[in-house]
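Summary of the model geometry
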Amino acid sequence: MEAVKETVDQSLREMRDTFASGRTRSVKWRKAQLGAIIEMVKDNEEKMSDVLFQDLGKHSTEAFRDELGFVMRSATTALNCLDKWVVPRNSNLPLLFYPATGKVISEPYGTVLVLSSWNFPISLSLDPMIGAIAAGNTVLLKASELSPNASALLAKLIPSYLDTKAIKVIEGGPDIATILLQHQWDKIFFTGSPKIGKIIMAAAAEHLTPVTLELGGKCPTIIDHHSVSKDMKAYYVLVEQSFASTLIDMFKPVIRSFFGENPKESGCLAKIVTKKHFQRLSRLLNDPRVKASIVYGGSMDEEKLYVEPTILLDPPLDSEIVNEEIFGPILPIITLRDIQESIGFIKSKPKPLAIYAFTKDENLKTRILSETSSGSVTFNDLMIQYMCDALPFGGVGQSGMGRYHGKYSFECFSHEKAIMEGSLAMDPEARYPPWNNFKLNFIRLAFREAYFKLVLLMLGLTKGVRK
Ligand SMILES: NC(=O)c1ccc[n+]([C@@H]2O[C@H](COP(=O)([O-])OP(=O)(O)OC[C@H]3O[C@@H](n4cnc5c(N)ncnc54)[C@H](O)[C@@H]3O)[C@@H](O)[C@H]2O)c1
């Protein structure tokens, strides 16, 4: 551990020195690094696909959709938009401040720490790095120990493509993260569970370091059968009782069309990430009350870390499988008398990262938007809000704080610095002591931007001002 501590100390010193040198602030440097990320992914598509298969059993097409293609697109967007993003924005100041001018410039925080989770180990590592680099920071990444092959590949590739004095990777688990968190960072970006998110926030508080927390939680999918029928994957489904059996009958052929008659051999179904996670799922499913709710699937193979796509109908609402994140192909369906009750159900749970609703009912849509709180709401589709970098991605409450993607990533890693240029020519005495009634009236009118009355006051044509 002493050697690790020494490496961390030295890495931090180097990153701080690099940031202080001003190199990472140059748009040319930022673009070169973004371009290098694209090259790195392009050159190593196969290797990246391989490690995602080794760690998670992800098919290469899924790996490209969710990780490699996604990262290349994100870096390309940043590269193409950077010139626009870095331009200082002039602010229209109220006349009150005339003749001062104001603008906002985006300043990099400095040296940032990115900690990522195992379920999208490449995109959740590189995508925040793209934002950090675009904003002109130096950055250290620690990916998850639960996807060790992806973590090792990133640790090998990043130094051979990117500026090693500014962008660093360290491998390891909680022990290494703990060492990292003992240091002062200028920003911490964390993707992971709410439980560890609290540890990150507490450590950041020691140094008043700003944090972005991309956390988890159970995302509900409301299916309003009065208007919709569509195949889907979801975290849990809320549906009217009368429609539940029809929905299950609709899911079965979809599962077969995705994964064939023998999903274990299909090559299209990701495995459970670790033995520990497998045993957790096995325990959850073997709860007799949960077992009784299985209406499709349910078979497991510990050797292959395989769980068959499984549907549960009305598992007990107090069971862990309903309340904890699942991380496996298990879909609980929860039935309600009326689909409108889904609003109350969602409100009784922590604020989710996303709410999905398949409905054409405008009243239900309005109720979802105005009565519930979540990171995002997507109607009549799933997950596309994550892919769409024109929208901010992030949680609220238990599902996190802060947001990123596209321009929001640039903002996530920038401090928006307010710049005001005053004038030495105009400096009303009313701002300064000794205080008197005239000055109080002057300030009152100025705050109200009552310019005409202000002129009358200065000309001595009015004395009293209404409170
Ligand atoms: N909001 C999102 O975009 C998003 C995306 C993917 C996953 N997630 C969430 O991530 C979680 C799953 O990922 P996970 O199991 O890797 O999460 P996790 O919280 O266990 O770990 C995340 C990171 O924190 C580190 N870590 C673990 N223990 C730590 C400790 N005691 N101190 C400091 N760091 C520690 C890990 O090494 C890892 O790098 C789920 O809750 C999931 O919903 C969120």
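Before any of the text, the structure's been laid out above.
As a starting point, this report considers the structure included with it. (Residues numbered from 1 in each chain as written. Predicted model: local features only at pLDDT ≥ 70, side-chain atom pairs only at ≥ 80, totals over all residues. Heavy atoms only, no water.)

Once that is clear, we can look at the overall build of the protein chain. In terms of regular secondary structure, the protein chain is built from 18 helices and 18 strands. Residues classed as buried in the protein chain amount to 48% of the 467 residues present. Relative to all contacts within the protein chain whose residues are 6 or more apart in sequence, the contacts with residues 24 or more apart total 65%. When the accessible surface of the protein chain is split by element, carbon and sulfur atoms take 56% of a total near 22600 Å². Taking the average location of the 55 positive side-chain charges in the protein chain and that of its 53 negative ones, the two points are 7 Å from each other. (Helix = DSSP H or I, 4+ residues; strand = E, 2+ residues; numbered from the N terminus. Buried < 20%, exposed > 50% of the residue type's maximum accessible area, 1.4 Å probe, protein only. Contact = heavy atoms within 4.5 Å. Areas by Shrake-Rupley, 256 points an atom, 1.4 Å probe, with all protein chains shown as cover. Lys, Arg positive; Asp, Glu negative; His and termini not counted. Charge placed at Lys NZ, Arg CZ, Asp CG, Glu CD.)

Its place among the elements puts F438 in helix α17 (residues 437-448). Residues F438 and L457, 19 residues apart in the sequence, show an inter-C-alpha distance of 8.1 Å. F438 has contacts with L457 and M458, leaving out every residue within four places of it along the chain.

Counting 57 residues, the largest nonpolar core has L126, I158 and I167 as its most contacted members. Tallying contributions element by element places helix α4 (residues 60-85) first for this core, with 10 residues. Formed by 26 residues, the second largest nonpolar core is a distinct cluster that contains L238, V322, F345 and L364. (Core = buried A, V, L, I, M, F, W, Y, C linked by side-chain atoms within 4.5 Å.)

With that settled, the discussion passes to the site of the ligand. Surrounding the ligand, one finds 27 residues, the nearest of these being S116, E145, S193, L215 and E325. Between the ligand and K142, the relevant distance is 2.8 Å, taken from an oxygen atom to a side-chain nitrogen or oxygen of the residue. The separation between an oxygen atom of the ligand and a polar side-chain atom of E145 is 2.6 Å. When isolated, the ligand has an accessible area of 850 Å², and the protein chains bury 89% of it. The element that contributes the greatest number of residues to the shell around the ligand is helix α7 (residues 174-181), accounting for 3 residues. Here the residues of the shell around the ligand sort into 13 nonpolar, 10 polar and 4 charged. Per-domain counts for the shell around the ligand show at least three residues from each of domain 1 (2-216 + 405-416) and domain 2 (220-387). (Near = heavy atom within 4 Å. Polar contact = N/O pair within 3.5 Å; in protein donor to acceptor, adjacent residues only side chain to side chain. Nonpolar A, V, L, I, M, F, W, Y, C, P; charged D, E, K, R; others polar. Domains from an automatic or database assignment.)

In short, shape yes, function no, at least from these values alone.
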